[in-house]
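# What the coordinates show
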Amino acid sequence: MKEFDSLSQLWQQQAPVHVDATLVLKAYQKERVKQWLFAGLDILGLMVVPVLFLWLHSDLSQAEILWFAIMGGVAFVFTVYALWLRRLLLLRVADKTHLYITILRQQTVHQVTLAKCTKWMTVFMGGMFTWLVLGIANTSAPHTSYLEKLLVLLVTGVILLGIWFWANNRQAFFHAKLNNANLWNE
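Residues numbered from 1 in each chain as written. Predicted model: local features only at pLDDT ≥ 70, side-chain atom pairs only at ≥ 80, totals over all residues. Heavy atoms only, no water.

Across its full length, the protein holds 6 helices and 0 strands. Traced from its N-terminal end to its C-terminal end, the protein shows the element sequence α-α-α-α-α-α. The buried share among the 186 residues of the protein stands at 30%. Across the protein, the fraction of contacts at a sequence separation of at least 24, relative to all contacts at a separation of at least 6, is 77%. As displayed, the protein has an accessible area near 12500 Å², and 70% of this comes from carbon and sulfur atoms. (Helix = DSSP H or I, 4+ residues; strand = E, 2+ residues; numbered from the N terminus. Buried < 20%, exposed > 50% of the residue type's maximum accessible area, 1.4 Å probe, protein only. Contact = heavy atoms within 4.5 Å. Areas by Shrake-Rupley, 256 points an atom, 1.4 Å probe, with all protein chains shown as cover.)

This is the structure we're talking about:
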């Protein structure tokens, strides 16, 4: 019984957490708009591969067509998965403060997953561009100098590395956000 009294006393000494419902609602609405914008960018990004393929298809070798098919398939799967992870804020409408907080927390967990997937996608794309430039381009464009090929790989590598670091920072940011006890009440 004495343990119960000390636990009860400890419980009584804790300061209550005050939740500002208007701040939580604003954070929820802001995050919802951001997720809709990101979903739109995901879909626009998915359109790049088919547009490039249609524009270049008459000049492509079989290996390059295979490259476009693999890139398009992976891009489609990644986009569907990203949209699936964004579904909480895209499709669900909350009407109570605790639902706002629950959805925001779940979406933050999904944001960590999206950042990890983005990092893996940059590694995959780096490999695919290396295969395209050094492997496929040797047979389809033998007149291209190695210096030009290395320049293309260097520029692509710098862009993909920048995206990887951006995703890594986002992953760390969302981990820190999840570990913050006063998550959306600042």
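Picking up after the structure, the text goes on.
A few words on the packing of aromatic side chains. A full pass over the atoms with the stated rule returns 5 aromatic pairs. For the pair Trp67 and Phe129, a centre-to-centre distance of 5.4 Å together with 65° between the ring planes defines the contact as edge-to-face. On the criterion of sequence distance, the pair formed by Trp67 in helix α3 (residues 62-85) and Phe129 in helix α5 (residues 97-140) is long-range, its members being 62 residues apart. Judged by its relative accessible area of 5%, Trp67 is buried. Between Trp164 and Phe165, the aromatic rings sit 5.3 Å apart at their centres with planes inclined by 85°, giving edge-to-face as the arrangement. The exposure class of Trp164 is partly exposed, given its relative accessible area of 26%. Classification of Phe165 by relative accessible area gives partly exposed; the value is 45%. Members of the aromatic cluster, joined through ring pairs, are Phe53, Trp67, Phe68 and Phe129. The aromatic ring of Trp84 is capped on one face by Arg87, whose charged end is 3.9 Å from the ring centroid. (Phe/Tyr/Trp six-rings, centres within 6.5 Å; stacked < 30°, edge-to-face > 60°. Lys NZ or Arg CZ within 6 Å of the ring centre and 35° of its normal.)

In this structure, Val49, Leu60, Trp67, Phe68, Met71, Met128, Leu132 and Ile136 together form the largest nonpolar core, which totals 8 residues. Each residue touching Phe68, except ones within four places of it in the same chain, is listed here: Val49, Leu52, Phe53, Leu56 and Leu60. Counting residues in each nonpolar core, the second largest holds 7 residues, with Leu88, Leu89, Ile103 and Leu104 among its members. (Core = buried A, V, L, I, M, F, W, Y, C linked by side-chain atoms within 4.5 Å.)

A contiguous nonpolar patch, built from Leu151, Leu154, Val155, Val158, Ile159, Ile163 and Trp166 and spanning about 680 Å² of accessible area, is present on the exposed surface. You can see Leu151 is positioned in helix α6 (residues 146-179). (Patch = residues over 30% accessible without salt bridge, like charges linked within 9 Å, V, L, I, M, F, W, Y side chains within 5 Å. Salt bridge = Lys/Arg side-chain N within 4 Å of Asp/Glu carboxyl O.)

Residue placement: Phe124 occurs in helix α5. According to the relative accessible area criterion, Phe124 is partly exposed, its value standing at 29%. For the pair Phe124 and Leu160, spaced 36 residues apart in sequence, the C-alpha to C-alpha distance is 10.0 Å. Every residue in contact with Phe124, bar those within four places of it in the chain, is listed here: Ile70, Met71 and Val74.

What follows deals with the environment of Trp67. Placed 65 residues apart in sequence, Trp67 and Leu132 show a C-alpha to C-alpha distance of 7.2 Å. Discounting chain neighbours no more than four positions away, the residues touching Trp67 are Met128, Phe129, Trp131, Leu132 and Ile136. Polar side-chain contacts of Trp67 include one of 2.8 Å to the backbone oxygen of Met128. (Polar contact = N/O pair within 3.5 Å; in protein donor to acceptor, adjacent residues only side chain to side chain.)

A word on the pattern of salt bridges. Going through the model one piece at a time under the given rule, you end up with 2 salt bridges. A salt bridge links Lys34 to Glu31, with the shortest nitrogen-to-oxygen separation between them at 3.5 Å. One end of the pair is Lys34 and the other is Glu31, both in helix α2 (residues 21-56) and 3 residues apart, which spans about a single turn. Residue Glu31 is classed as buried on the basis of its relative accessible area of 9%.

As a packed pair, α2 and α3 sit with axes 10 Å apart at the nearest point and diverge in direction by 165°. Compared by their axis directions, α2 and α3 come out roughly antiparallel. Crossing hand, α2 versus α3: left-handed. Contact residues: α2 offers Ala39, Asp42, Ile43, Leu46, Val49, Leu52, Phe53 and Leu56, while α3 offers Ile65, Phe68, Met71, Gly72, Ala75, Phe76, Thr79, Ala82 and Leu83. The residue inventory of the contact of α2 with α3, partitioned by class, reads 14 nonpolar, 2 polar and 1 charged. (Axes fitted to C-alpha atoms, helices over the stretch in contact; angles between N-to-C directions. Parallel < 35°, antiparallel > 145°, perpendicular 65-115°, else oblique. Left-handed = near helix turned anticlockwise from the far one by under 90°. Nonpolar A, V, L, I, M, F, W, Y, C, P; charged D, E, K, R; others polar.)

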